[in-house]
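# Observations on the three-dimensional arrangement
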Amino acid sequence: MKNDRFPPDFLWGASSSAFQIEGGWDEDGKGKTVADYNSFKKSERQADSKIASDFYHHWKEDIALMKELGLTMYRFSIAWARIIPDGDGEVNEQGITFYSQIIDELLNNGIEPFVTLYHFDLPYALVERYNGWENRECVYAFERYARICFEAFGDRVKYWQVHNEQNLMIRVDERMNINEETLHRADKLRAQMDYHMCLAHAFAIRACHEIVTDGKIGPAISSTCTYPLTNKPEDVWAAKMNDWFKTEYCLEMHMTGEYPGYYMRYLKKRDIVPVMLEEDKEILKNAKMDYIAVNYYRTLCASYLKEEDTHPKGERAFRGNEVDFDQYGYFRDEKNENLAATEYGAQIDPMGLRIVLNEYYRKYRVPLIITENGLGAVDVLTNDGKIHDEYRIDYLRKHIEACALAVEDGVELMGYSPWSVMDLLSSHQGFKKRYGFIYVNREDHDLKDMRRIPKDSYYWYQNVIRTNGEEL
Ligand code: BG6
């Protein structure tokens, strides 16, 4: 079938992460992770990571469904604590065997494995020993883990991602185990952890290039763009600040090896400059990214808030509506009246994706790939035994269309891998909020039969892949 909107070798994928899909949380030697720990805290209210989608026991059947869907790549993560249960001690051979089987099965079915090393699931033992990323030892532990993965799987896995959404993860206290009493202490700790993660990122890039022949590796960025609430210059500035402080400073460090000036100014002004060793500079500078992975769901909108209004006493004293990440001051999240939102409040904006792709590509000139994009909803299994998720089809169709336009704009886009391959544990709403192409027949507290049922969006995406994006 002729179609030149997407390159012939375009990767059509679907995504997941270990703690959200696998289950088998303590099987065959796996250690507990921060993601497990946090999910257990909420298990009275919703599903946790103990069983999740039970991919750990269903992987053959699940990969067969991926094959039937027509995927040419599958983006998933390795659980660090399955490979090294306590984070930096003994290697667990059963963990290596598990992922080796997955990788072989994917390749045997013509599906390219696209592997993330760390998706929110730091081994819990490292929190107990070092308070996680606060300590430089965690950086070395990560480098060792990355090297072990490259050695074990690098003969077959050519595409690697380091941390999933460092720029978002760092702001979620429970994912980082930040429990400080004052905002200043929390921000200081956060800045140190963030820097250590950047350093670990650079070590992993170097190791991949040393070990994996033809390996390609890069960051996975939680990506969005922020619109100003009005055309007042202050609101425009607020929108820029939102993007700079939520995304750009981190991407800039990955791509250039240095924090940008505005970020250093912020760190100094708040007296939270992390310890950065002289010897790190070279490692950070020399870490060359082969691509940038874009995780994109929605856009944001912001208005200006005077700095003194944000933290009058240096503490969390934000006024007005609820703000996700308020520690930087300067901006307040607003609703964009021009956009529809999902039932969970994410503002749907395909054009925003075109903007993001163009901006990243013009700035950094490396290929891009989308490793997350999707719509979370309460899907219903109807009496006909089907899931009619036309709202998801509509969302995905418009976003793929935006990708095609970005390609026409000249963006080098390697592939599109939406979230998620099948229903899995939402990072906020358990099993209620679903993103998958494949329905998993369970509820938060009722495992039912765990049957896999392709949704309408599965058959729709199958045709998209078959026609290389011609028929949307
Ligand atoms: C991304 C994460 O930010 O958002 C995924 O990488 C997550 O792990 C996804 O599941 C959707 O978020 P949520 O909270 O709706 O599951």
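All figures in this text were calculated on a predicted structure; none of them were measured in a lab.

## Quick word on the overall build of the protein
Tallying secondary structure elements over the protein gives 17 helices and 13 strands in all. A globule of 472 residues ought to have a C-alpha radius of gyration of about 23 Å, and the protein, at 21 Å, matches this closely. Oriented by its inertia axes, the alpha-carbon framework of the protein measures out at about 60 × 55 × 45 Å. For the protein, with 472 residues in total, the buried portion stands at 62%.

## A look at the packing of aromatic side chains
Inspection of the entire model under this criterion finds 37 aromatic pairs. When the centroid spacing of 5.4 Å and the interplanar angle of 80 degrees are considered together, the rings of Phe245 and Tyr262 count as edge-to-face. Pair noted here: Phe245 is in helix H11 (residues 233–256) and Tyr262 is in helix H12 (residues 261–269), with a separation of 17 residues, a long-range link. Using a relative accessible area of 17% as the deciding quantity, one classes Tyr262 as buried. An aromatic cluster is defined as three or more aromatic residues linked by ring pairs; in this entry it consists of Tyr195, Trp237, Trp244, Phe245, Tyr249, Tyr259, Tyr262, Tyr263 and Tyr266. The ring of Tyr124 carries Lys32 above its face, with NZ or CZ at 5.2 Å from the centroid. A cation over an aromatic ring shows up here: Arg129 above the ring of Tyr130, its NZ or CZ 5.6 Å from the ring centre.

## Here we look at the site of the ligand
The immediate surroundings of the ligand are formed by 14 residues, with Glu165, Ser427, His428, Lys433 and Tyr435 found nearest. With respect to the ligand, the side chain of Trp419 contributes an N or O atom lying 3.4 Å from an oxygen atom. Between the ligand and His428, the relevant distance is 2.6 Å, taken from an oxygen atom to a side-chain nitrogen or oxygen of the residue. Considered on its own, the ligand offers 370 Å² of accessible surface; in the complex 93% of this is hidden by protein. Within the shell around the ligand, the residues separate by chemical class into 5 nonpolar, 6 polar and 3 charged.

## Considering the sheet that holds strand E9 (residues 331–333)
If you trace the 3 strands from one edge of the open sheet to the other, you get E6-E8-E9, paired in mixed fashion. Whereas interior strands pair on both sides, the edge strands pair on one side only; in this sheet they are strand E6 (226–228) and E9. Averaged over all pairs of adjacent strands, the angle between strand axes in this sheet comes to 40 degrees, irrespective of strand direction. Here E6 runs beside strand E8 (residues 300–304); their pairing, made up of 3 bridges, is parallel. By the bridge assignment, Thr226 is partnered in E8 with Leu300.

## Some remarks on the nonpolar core
If you look at the biggest cluster of nonpolar residues, it comprises 141 residues, and the most contacted ones within it are Trp133, Phe142, Phe153, Trp160, Leu357 and Tyr461. Here the element with the most residues in this core is helix H10 (residues 183–211); it accounts for 15 residues. Grouped together as the second largest cluster of nonpolar side chains are 9 residues, Leu11, Ala220, Tyr291 and Ile369 included.

## Focus: the UniProt feature "active site" (unreviewed entry) in the protein
UniProt records the feature "active site" (unreviewed entry) for Glu372 in the present numbering. Considering the arrangement of structural elements, one finds Glu372 in strand E10 (residues 368–372). What Glu372 contacts, discounting residues up to four positions off in sequence, is Arg75, His119, Asn164, Glu165, Val294, Asn295, Tyr296, Tyr297, Ser417 and Trp419. Reaching out from Glu372, the side chain makes a polar contact with the side chain of Arg75 at a distance of 2.9 Å.

## A look at the environment of Leu424
Structurally, Leu424 is set in the loop between strand E11 (413–416) and strand E12 (438–440). Taking C-alpha positions, Leu424 is 29 Å from Val139, a pair spaced 285 residues apart along the chain. Once you skip the residues sitting within four places of it in the chain, Leu424 turns out to touch Ser15, Ser16, Ser17, Gln20, Ile21, Ser53, Trp419, Gly430, Phe431 and Lys433.

## Considerations on the sheet that holds strand E4 (residues 159–164)
Around the barrel, 8 strands lie side by side as E1-E2-E3-E4-E5-E7-E10-E11; this closed barrel has parallel pairing. Strand-to-strand twist in this sheet, taken as the mean axis angle between neighbours without regard to direction, amounts to 30 degrees. Examined bridge by bridge, strand E5 (residues 216–223) and strand E7 (residues 292–296) share 4 bridges and lie parallel to one another. Considered in E7, the bridge of Ser222 is made with Asn295.

## Considering the pattern of salt bridges
Scanning the entire structure with this criterion turns up 36 salt bridges. The closest approach of N and O atoms between Asp36 and Lys30, which form a salt bridge, is 2.8 Å. Asp36 gets classed as buried once you look at its relative accessible area, which sits at 2%. With a shortest N-O distance of 3.1 Å, Asp155 and Arg156 are connected by a salt bridge. Overlapping salt bridges bring together Asp379, Asp389, Arg392, Asp423, Arg434 and Lys455 as one network.

## Quick look at helix H7 (residues 136–153)
An α-helical turn contains 3.6 residues, so a residue and the one three or four places further along point in the same direction. Its 18 residues give H7 an end-to-end C-alpha distance of 26 Å, which sits within 8% of 26 Å, the value for a rise of 1.5 Å per residue. Within H7 the residues assigned to the buried category are Arg136, Cys138, Val139, Ala141, Phe142, Glu143, Tyr145, Ala146, Ile148, Cys149, Phe150 and Phe153. Its side-chain oxygen 2.8 Å from the backbone nitrogen of Glu137, Asn135 forms the N-cap of H7.

## Some words on the side chain of Ser222
One can find Ser222 in strand E5. Ignoring sequence-local partners within four residues, the contact set of Ser222 consists of Glu165, Asn167, Leu168, Thr247 and Asn295.

## Side note on the state of the cysteines
This model, assessed by the stated rule, comprises 0 disulfides. Residue Cys198 stays outside any disulfide, its sulfur separated by 4.9 Å from that of Cys250, the closest cysteine.

## Focus on unusual backbone geometry
Geometrically, the link from Trp419 to Ser420 is a cis peptide bond, its omega value of 10 degrees lying close to zero. The residue Ser420 is located in the loop between E11 and E12 in this model. One non-glycine residue, Asp28, lies in positive phi territory at about 50 degrees. The topology assignment puts Asp28 in the loop between helix H1 (18–21) and helix H2 (34–41).

Cut-offs applied
- Residues numbered from 1 in each chain as written.
- Predicted model: local features only at pLDDT ≥ 70, side-chain atom pairs only at ≥ 80, totals over all residues.
- Heavy atoms only, no water.
- Helix = DSSP H or I, 4+ residues; strand = E, 2+ residues; numbered from the N terminus.
- Rg over C-alpha atoms; globule rule 2.2 N^0.38 Å.
- Buried < 20%, exposed > 50% of the residue type's maximum accessible area, 1.4 Å probe, protein only.
- Phe/Tyr/Trp six-rings, centres within 6.5 Å; stacked < 30°, edge-to-face > 60°.
- Lys NZ or Arg CZ within 6 Å of the ring centre and 35° of its normal.
- Near = heavy atom within 4 Å.
- Polar contact = N/O pair within 3.5 Å; in protein donor to acceptor, adjacent residues only side chain to side chain.
- Areas by Shrake-Rupley, 256 points an atom, 1.4 Å probe, with all protein chains shown as cover.
- Nonpolar A, V, L, I, M, F, W, Y, C, P; charged D, E, K, R; others polar.
- Pairing = 2+ DSSP bridges.
- Axes fitted to C-alpha atoms, helices over the stretch in contact; angles between N-to-C directions.
- Core = buried A, V, L, I, M, F, W, Y, C linked by side-chain atoms within 4.5 Å.
- UniProt positions renumbered as here; feature names shortened; annotations may be inferred.
- Contact = heavy atoms within 4.5 Å.
- Salt bridge = Lys/Arg side-chain N within 4 Å of Asp/Glu carboxyl O.
- Expected span 1.5 Å × (residues − 1).
- Disulfide = S-S within 2.5 Å.

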